[in-house]
Amino acid sequence: MVQHLGLRAARDHALPGFFTGLRLGATVAWLALVVVEQVGASDGIGYLMYKARLYGLTDVIVVGLAVYAILGFSTDLLVRFSARKALSWQSTLAH
């Protein structure tokens with residue numbers, strides 16, 4: 001019983017930091033994907049944007065940026081939603 005309580009307390013204290021790290025990791029992963037696609041890919045959104053830059057197609061570049069923004073924002077929303085569900089016991093200043 002005491003051991004279970006200790007594990008629960010450790011989990012409850014570790015989860016907020018875990019979800020913060022997960023959000024930061026997802027951000028860095030998207031950033032790395034964008035950079036790699038811009039530099040060395042032969043297909044993908046970044047490659048399409050690179051080719052559009054060469055031909056002066058700013059509308060394609062803007063659409064590519066919008067797609068990246070939507071993907072990144074939806075990933076962040078998913079992580080924040082998961083954190084909110086997993087940490088529903090935690091009181092915040094908003095409540």
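Residues numbered from 1 in each chain as written. Predicted model: local features only at pLDDT ≥ 70, side-chain atom pairs only at ≥ 80, totals over all residues. Heavy atoms only, no water.

Student: How would you explain a nonpolar patch on the surface if you had to name every residue and give the values?
Tutor: There is a patch of nonpolar side chains on the surface, built from Tyr50, Leu54, Tyr55 and Leu57 and spanning about 420 Å² of accessible area. Mapped onto the secondary structure, Tyr55 falls in helix H2 (residues 45-55). For Tyr55, a relative accessible area of 63% corresponds to the exposed category. (Patch = residues over 30% accessible without salt bridge, like charges linked within 9 Å, V, L, I, M, F, W, Y side chains within 5 Å. Areas by Shrake-Rupley, 256 points an atom, 1.4 Å probe, with all protein chains shown as cover. Salt bridge = Lys/Arg side-chain N within 4 Å of Asp/Glu carboxyl O. Helix = DSSP H or I, 4+ residues; strand = E, 2+ residues; numbered from the N terminus. Buried < 20%, exposed > 50% of the residue type's maximum accessible area, 1.4 Å probe, protein only.)

Student: Explain helix H3 (residues 58-86) to me, using residue names and the numbers behind them.
Tutor: The end-to-end C-alpha separation of H3 is 42 Å, in line with the 42 Å expected for 29 residues at 1.5 Å each. All buried positions along H3 are accounted for by Gly64, Tyr68, Asp76, Val79 and Ala83. (Expected span 1.5 Å × (residues − 1).)

Student: Describe in detail the packing of aromatic side chains, supporting the description with residues and values.
Tutor: According to the stated counting rule, one finds 1 aromatic pair in the structure shown. Relative to Phe19, the ring of Phe18 has its centre 5.2 Å away and its plane inclined at 75 degrees; by these criteria the two rings are edge-to-face. Judged by relative accessible area, which is 11%, Phe19 ranks as buried. (Phe/Tyr/Trp six-rings, centres within 6.5 Å; stacked < 30°, edge-to-face > 60°.)

Student: A description of the confidence of the model for the protein should follow, citing residues and the corresponding values.
Tutor: In the predicted model, the protein carries a mean pLDDT of 86, and 87% of its residues have values of at least 70. Element-level pLDDT for the protein is lowest in helix H1 (residues 2-40), with a mean of 83, against a maximum mean of 94 in H3. (pLDDT = per-residue confidence, 0-100.)

Student: Account for the environment of Asp59, with residues named and values stated.
Tutor: You can see Asp59 is positioned in helix H3. Remark: the alpha-carbon pair of Asp59 and Met49, spanning 10 residues in sequence, is separated by 9.6 Å.

Student: Which residues make up the nonpolar core, and what are the values?
Tutor: Grouped together as the largest cluster of nonpolar side chains are 5 residues: Leu15, Phe19, Val79, Ala83 and Leu87. Non-local contacts of Leu87, meaning those with residues more than four positions away in its chain, are made with Leu15, Pro16 and Phe19. (Core = buried A, V, L, I, M, F, W, Y, C linked by side-chain atoms within 4.5 Å. Contact = heavy atoms within 4.5 Å.)

Student: Describe H2, naming the residues involved and giving the relevant values.
Tutor: All of the buried residues along H2 are Gly46, Met49 and Ala52. Viewed along the axis of H2, the buried residues span an arc of 120 degrees, placing them on a single side of the element. Positive phi appears at Gly56, one or two residues downstream of H2, with a value of about 75 degrees. (Arc of directions from axis to C-beta.)

Student: Explain the pattern of salt bridges residue by residue, including any values.
Tutor: Counted according to the given criterion, the structure contains 2 salt bridges. Of the charged contacts in the structure, one is a salt bridge between Asp76 and Arg80, with a shortest N-O distance of 3.6 Å. Taken together, the residues Asp76 and Arg80, both in helix H3 and 4 residues apart, mark about one turn of the helix.

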